[in-house]
Amino acid sequence: MKQLFWLLSTCLFCVSVSYADNLVYGDNTSPNANNGICDDPRFEGRKASNDPQLIDRFHDANDCRDLYQQGLITLAGTDGIDFGDNSGSYTNDGECDDPRFVGSGASSAGTAGTDANDCREQYALGNIRLREQPKVVPLYLADGSINFGDDTGNYPNDDDCDDPRFAGPGTTAAGDYDDIGGDKTDCMRAYRNGEAFINPTVASNLKNIDRNIDFGDDSGGAALDGECDDRRFSGDLVYDSSSEKTDATDCRVLYLSGLISVFVEPELYLPDGSINFGDDSGTYAEDGECDDNRFAGPGASSLANREHVAKDRTDCERAYRNGEIYLKSESQTEGVYDGIDFGNNQSAFAFDDECDDPRFSGSGASSLSSDSHRLADAADCIAAYKMGTIRLTDQSNQFDNIVFDNIDFGNNSGAHADDGECDDPRFDGPGSSNLGLAGNSYLKADANDCVALYKEGRVYLDGGNPVDSSIDFGSNESSYAFDGECDDPRFEGPGMASFLSDNDLKKDAFDCRELMEAGRISLKATRGKGATNQTPASGVDFGNDSSLWANDGVCDDPRFVGEGMAGSLDDSNARRDATDCRQAYEAQTIRLR
């Protein structure tokens, strides 16, 4: 019977586990499972076992899954490539969404260095490779004949000409700059059969090449993705970017191959002072929407970009005369209009043709508006207000803070504001509700109710704490900032998030400060252990930031100890993680040994 019980209890840990990143992690039957270190020899990195055993392969699922998804370990055999982080929009979906890579496991979506887990996995499995440095292939050889190149492109010998320098019924739109001069057999056959010809736009562009252009460097987030992300250029392979000189390789290859040209802004006004609407030569001309991005408003297309400037005359002229669009250059962009203070344009979603200020409602207002955009999306909101697609709502003061008896009661943005009960968890008494116990979303969000009940003596402030001015709460760079929970692992209490990571150290300032003021969190009792008489920071040689793990939010220098330290230390990082260690030292979360 005892043996049967042992087998049943052990099998609770024998289920093979796989997750959204498509890796199979196995089970948790290793003797070292659930110890915070990945003991599976398939992985390597700072949180991987220093002495991995083959017997633990596929048997430490929980540790390896968590550490892999946090980016603290990697699959072994990735040739020292810097895969970046997991900050992209398509992480852990089983495809590498990094334009630096090509292959069956790669996707065309994403930004370089933002899909580390997927790309490490696909690279280790042999499904992707680093994209080769693109080349400029001259259109003509020295003898004047066409230079078809070779068959090293992405789609050679498939009976379609994929070289984007050619057009015609025998060509395909699938080709990109990897296929420039890379589909010789298909293109030569199609050309000789009259099914392909040199793209007239390419021929025209090559006649006007300026070889003195400064293309800059490849520091842009979308560099090396096969498209030119530089606003100085124009063409089908130009992304409508606000950047300049940060995508040199893409733009240089495409420009010198004749596939893009230098952008020339058409004159906005004609000699008689009227608007220059141009012609109808655009791809989406006369489709009922204005595609010219000089205009904005409900009659403007969401696809409007610079490629359609002055190329959608009929649609844009009609929409302008009907009051459905306006010229962006002629619109007031901030300040007071019609007696309303629209504020500035500091919102992350400013200039997106939707009003994100929560004081307004209507068809021109964004469904994603929040208090962080209040008075911070002036240009969009002024334009929508002029066109009558938004109005100032009756609850325009719901986000105005109310202070009484030197207490900041907050605003009335809570889901149950103005219901006769105080939902703010900082207050107690017969007039308080139990809603505040359900979470932090009611903190400072029921001002009218709480002020009225406070005046009647039916609620009182319970547990409010003055915040120690010496505490450095840091910034709001955490992915979980402004969610009503404190994610900074230096704190503890009922207001803390259930999952904490050193990556959020000093990166959730607003939430943590608010919750400390409410008495719902406090600094951990271990903070500053042994640090009361420590050497001032100015007297410590922190070194430099040459460590591979520098600037990751935790101190990797083994000369220190404390809660602000990395979980795995190496002597090679001594005096090589200066910024992290100095910040943790000054915050008294580490001390010298």
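Residues numbered from 1 in each chain as written. Predicted model: local features only at pLDDT ≥ 70, side-chain atom pairs only at ≥ 80, totals over all residues. Heavy atoms only, no water.

Novice: Is there a simple way to explain the overall build of the protein chain in this structure?
Specialist: Assigned secondary structure in the protein chain consists of eleven helices and 26 strands. When the 593 residues of the protein chain are sorted by exposure, 44% land in the buried category. At a minimum sequence separation of 6, the contacts of the protein chain that also span at least 24 residues come to 65%. Taken as a whole, the protein chain presents about 30100 Å² of accessible surface, with 47% of it coming from carbon and sulfur. (Helix = DSSP H or I, 4+ residues; strand = E, 2+ residues; numbered from the N terminus. Buried < 20%, exposed > 50% of the residue type's maximum accessible area, 1.4 Å probe, protein only. Contact = heavy atoms within 4.5 Å. Areas by Shrake-Rupley, 256 points an atom, 1.4 Å probe, with all protein chains shown as cover.)

Novice: Would you explain the state of the cysteines in this entry?
Specialist: By definition, a disulfide links the sulfur atoms of two cysteines through a covalent bond. Counting across every chain of the model gives nine disulfides. Here Cys161 connects covalently by a disulfide to Cys187, the sulfurs 2.0 Å from one another. Across the S-S bond linking Cys161 and Cys187, the dihedral sits near 90 degrees, which makes this disulfide right-handed. With Cys161 in the loop between strand S6 (129-130) and strand S7 (166-167) and Cys187 in helix H4 (residues 184-192), the pair connects residues that are 26 residues apart, well separated along the chain. Each member of the pair, Cys161 as well as Cys187, carries the same accessibility label: buried. Two residues share a disulfide in this structure: Cys486 and Cys512, whose sulfurs sit 2.1 Å from each other. Judged by the sign of its S-S torsion, about 90 degrees, the cystine formed by Cys486 and Cys512 is right-handed. Here the residue Cys486 occupies a position in the loop between strand S22 (460-461) and strand S23 (491-492), and Cys512 occupies one in helix H10 (residues 509-517), the gap between them amounting to 26 residues. Overall, Cys486 belongs to the buried group, its relative accessible area being 0%. (Disulfide = S-S within 2.5 Å.)

Novice: When you look at the layout of surface pockets in this model, what are you seeing that I'm missing?
Specialist: A probe as big as a water molecule, rolled over the atoms, marks out the empty space that is left. There is about 1600 Å³ of room inside the largest pocket. As for the largest pocket, its lining consists of 45 residues, and the residues nearest its centre are Gln70, Gly71, Leu72, Asp85 and Asn503. Put simply, the parts of the chain that give the lining of the largest pocket at least two residues each are helix H2 (61-69) and helix H3 (116-124). If you tally residues by element for the lining of the largest pocket, the top one is H2, at three residues. (1 Å grid on protein atoms, 1.4 Å probe; cavity = no way out; pocket = protein on both sides within 12 Å on 5 of 7 lines; lining within 4 Å. Points joined across faces, edges and corners; volume = space filled by probe spheres on them.)

Novice: Can you help me understand the pattern of salt bridges in this one?
Specialist: Oppositely charged side chains are able to pair whenever their charged atoms sit close together. Applying the stated criterion across every chain yields a total of 21 salt bridges. In this structure, Arg232 and Asp230 form a salt bridge, with 2.8 Å as the shortest nitrogen-oxygen distance. Asp230 gets classed as buried once you look at its relative accessible area, which sits at 0%. Among the charged side chains, a network of salt bridges with common partners joins Arg46, Asp552 and Asp556. (Salt bridge = Lys/Arg side-chain N within 4 Å of Asp/Glu carboxyl O.)

Novice: I keep staring at H2 and nothing clicks. Help me out?
Specialist: What sets the pattern is the α-helix's 3.6 residues per turn: residues three or four places apart point alike. Taken together, the buried positions of H2 are Ala61, Asp63, Cys64, Arg65, Leu67 and Tyr68. After H2 finishes, the residue Gly71 shows a positive phi value of roughly 80 degrees.

Novice: Help me out: how do you make sense of the nonpolar core in this one?
Specialist: Soluble globular proteins tend to bury their nonpolar side chains together. Within the largest apolar cluster, 17 residues are counted, with the highest numbers of intra-cluster contacts made by Ile180, Phe215, Cys228, Phe233, Leu254 and Ile260. Excluding residues that lie within four positions of it along the chain, Ile180 makes contacts with Lys135, Val137, Asp163, Pro164, Arg165, Val253, Leu254, Ser257 and Leu259. With 13 residues, the next largest nonpolar core counts Cys486, Leu515, Ala518 and Leu523 among its residues. (Core = buried A, V, L, I, M, F, W, Y, C linked by side-chain atoms within 4.5 Å.)

Novice: Would you mind showing me how to read the packing of aromatic side chains here?
Specialist: Counted by the stated rule, this structure contains 23 aromatic pairs. Centroid distance Tyr25 to Phe43: 6.2 Å. Interplanar angle 5 degrees. Geometry classified as stacked. Placement of the pair is Tyr25 in strand S2 (residues 24-26) and Phe43 in strand S3 (residues 43-44), with a sequence separation of 18 residues. There is no split in this pair, since Tyr25 and Phe43 are both buried. (Phe/Tyr/Trp six-rings, centres within 6.5 Å; stacked < 30°, edge-to-face > 60°.)

Novice: I'm lost on the side chain of Ser234 in this one. Help?
Specialist: Looking at where Ser234 falls in the secondary structure, it is placed in strand S9 (residues 233-234). With sequence-adjacent residues up to four places away left out, Ser234 is seen in contact with Ile260, Ser261, Val262, Phe263 and Glu307.

Novice: I keep staring at the pairing of strand S20 (residues 407-410) and nothing clicks. Help me out?
Specialist: On any regular strand, side chains alternate: one points to one face of the sheet, the next to the other face. Alignment of strand S19 (residues 402-404) against S20, held across three bridges, turns out to be antiparallel. Residue Phe404 lies in a different strand from S20, and its bridge partner there is Ile407. Adjacent in sequence and paired antiparallel, S19 and S20 are bridged by two residues, among which Asp405 carries a positive phi angle near 55 degrees. (Pairing = 2+ DSSP bridges.)

Novice: Would you mind showing me how to read helix H9 (residues 447-455) here?
Specialist: What H9 keeps buried is the set Ala447, Asp449, Cys450, Val451 and Leu453. Summarising the contacts, the buried residues of H9 are in contact with S19, S20 and strand S21 (427-428).

Novice: I'm lost on unusual backbone geometry in this one. Help?
Specialist: What you tend to see is this: most non-glycine residues have negative phi, and most peptide bonds are trans. Positive phi values are uncommon outside glycine, yet Leu375 reaches one of about 60 degrees. By secondary structure assignment, the location of Leu375 is in the loop between strand S17 (360-361) and helix H8 (378-386). Residue classification places Leu375 among the partly exposed residues on the basis of a relative accessible area of 25%.

Novice: I keep staring at the environment of Arg165 and nothing clicks. Help me out?
Specialist: Of note, Arg165 is situated in the loop between S6 and S7. In this structure the C-alpha to C-alpha distance between Arg165 and Thr201, which are 36 residues apart in sequence, comes to 8.9 Å. Engagement of the side chain of Arg165 in a polar contact is seen with the backbone oxygen of Asn147, the distance being 3.0 Å. (Polar contact = N/O pair within 3.5 Å; in protein donor to acceptor, adjacent residues only side chain to side chain.)

Novice: For this particular structure, what's the right way to read the environment of Gly431?
Specialist: Structurally, Gly431 can be placed in the loop between S21 and H9. Residues Gly431 and Ala452, 21 residues apart in the sequence, show an inter-C-alpha distance of 9.7 Å. Those residues in contact with Gly431 that sit more than four places away from it in its chain are Glu421, Cys422, Leu453, Arg458 and Val459.

Novice: Even after reading the chapter, I still don't get the confidence of the model for the protein chain, so can you show me in this structure?
Specialist: Detailed reading of the predicted model is not advised wherever pLDDT is low. For the protein chain, per-residue confidence averages 81 on the pLDDT scale, and residues scoring 70 or more make up 88% of the total. Within the protein chain, no element has a lower average pLDDT than helix H1 (residues 2-11), which sits at 35, and none a higher one than H4, at 95. Between residues 1-20, whose pLDDT stays under 50, and residues either more than four places distant or in other chains, the model counts 23 contacts. Per-residue pLDDT stays below 50 along residues 526-532; that stretch engages in seven contacts with residues further than four places along the chain or on separate chains. (pLDDT = per-residue confidence, 0-100.)

Novice: It is not clear to me how the environment of Asp214 should be interpreted in this structure. Could you clarify?
Specialist: With respect to the helices and strands, the residue Asp214 is situated in the loop between helix H5 (200-206) and S9. In this structure the C-alpha to C-alpha distance between Asp214 and Ala248, which are 34 residues apart in sequence, comes to 8.4 Å. If we skip the residues at most four places from it in the chain, Asp214 touches Arg232 and Lys245. At a separation of 3.0 Å, a polar atom in the side chain of Asp214 contacts the main-chain amide nitrogen of Gly216. A polar contact is formed between the side chain of Asp214 and the side chain of Lys245, at a distance of 3.5 Å.

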